[in-house]
Amino acid sequence: MNDMRLTERGVETKQIKMKARGVEVFYGDTHAIKSVDVDIEDHTVTAFIGPSGCGKSTFLRCLNRMNDTIDICRVTGDIHLDGEDIYDPRIDPVQLRAKVGMVFQKPNPFPKSIYDNVAYGPKIHGLARTKAELDEIVEKSLRRAAIWNEVKDRLDAPGTGLSGGQQQRLCIARAVATGPEVLLMDEPCSALDPIATAQVEELIDELRQSYSVVIVTHSMQQAARVSQKTAFFHLGTLVEFGETSKIFTNPEDPRTESYITGRIG
Ligand SMILES: Nc1ncnc2c1ncn2[C@@H]1O[C@H](COP(=O)(O)OP(=O)(O)OP(=O)(O)O)[C@@H](O)[C@H]1O
Ligand SMILES: [Mg+2]
């Protein structure tokens, strides 16, 4: 597998970070995801779009085995991270989720201090040997999430006492703190106002330098602004996947066109 490289002409070749093939998901008898193949590139923001109930969140949760926590949910097919099968019985889902982090729709800080929200993951994964190292991880993660300046004087205050937009950035800091390689975000801005949304979008673009980011969004504008690749889901199938600019200007499938022009969904 190639590393991302710049050729002489400056053309980027991106590494495939995650590869999904023939993924099917069932909730009991409900067939929620039907034979989905997709490649998630490194250093790329991939947007998942599509009408409510089409399976975006379900498929996103397959990528870090979050569906394991839902009793009636059954996932089949292959999903690889850097060539390694993430559903292999030898893979520890907790370790996997440190590498493939997740940010949810509703900011969900732990009922702990701002510091402890970020320090928790590195602590349980043994990423810091000393308090000084832990302090450093916490500061770096809060800086990455563009919230350090707002919280540096109140690290002992509860995370739940922050504004919604700050809480979401705290949750991003928490996800970043375990040194992930992929960040999954399920409608991360839906509870935020336009200013906080703009901050998180800017952050997503920055995070792409270090990670591969997958974002579920209901906002076409957001998908167009933040992503380079877009996947359009409809009734559990992946209808179309490609360059965001192409999906939004010249989609191949009439269902994609109907959705982006507001005729379905
Ligand atoms: N925990 C669950 N138990 C049973 N069925 C579920 C569960 N979660 C999702 N489903 C079903 O799976 C299908 C896909 O749901 P999913 O939440 O993935 O859609 P979505 O595209 O994320 O929708 P939205 O845009 O509304 O968030 C739907 O039919 C839904 O009812
Ligand atoms: Mg959803």
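Residues numbered from 1 in each chain as written. Chains lettered and ligands numbered in written order. Predicted model: local features only at pLDDT ≥ 70, side-chain atom pairs only at ≥ 80, totals over all residues. Heavy atoms only, no water.

Under an unreviewed UniProt entry, the protein has the name Phosphate ABC transporter ATP-binding protein (PhoT family) and belongs to Roseicyclus mahoneyensis.

Now for the UniProt feature "domain: ABC transporter" (unreviewed entry) in the protein. When the UniProt feature table is mapped to this numbering, "domain: ABC transporter" (unreviewed entry) covers residues 18-260. With 37% helix and 27% strand, residues 18-260 has end C-alpha atoms that lie 26 Å from one another. (UniProt positions renumbered as here; feature names shortened; annotations may be inferred. Helix = DSSP H or I, 4+ residues; strand = E, 2+ residues; numbered from the N terminus.)

Tracing the chain through its elements places S141 in helix α4 (residues 131-144). Linking S141 and L170, residues 29 residues apart in sequence, is a C-alpha distance of 8.9 Å. Look past the residues within four positions of S141 in its chain and what remains in contact with it is V118, A173, V176 and A177. (Contact = heavy atoms within 4.5 Å.)

Let's shift gears to the site of ligand 1. Taken together, 15 residues are adjacent to ligand 1, and S52, G53, K56, S57 and T58 come closest. In the model, an oxygen atom of ligand 1 is placed 2.5 Å from a nitrogen or oxygen of the T58 side chain. H218 is positioned with one of its side-chain polar atoms (N or O) 2.8 Å from an oxygen atom of ligand 1. Protein chains shield 64% of the accessible area of ligand 1, which is 630 Å² for the free molecule. The residue inventory of the shell around ligand 1, partitioned by class, reads six nonpolar, six polar and three charged. (Near = heavy atom within 4 Å. Polar contact = N/O pair within 3.5 Å; in protein donor to acceptor, adjacent residues only side chain to side chain. Areas by Shrake-Rupley, 256 points an atom, 1.4 Å probe, with all protein chains shown as cover. Nonpolar A, V, L, I, M, F, W, Y, C, P; charged D, E, K, R; others polar.)

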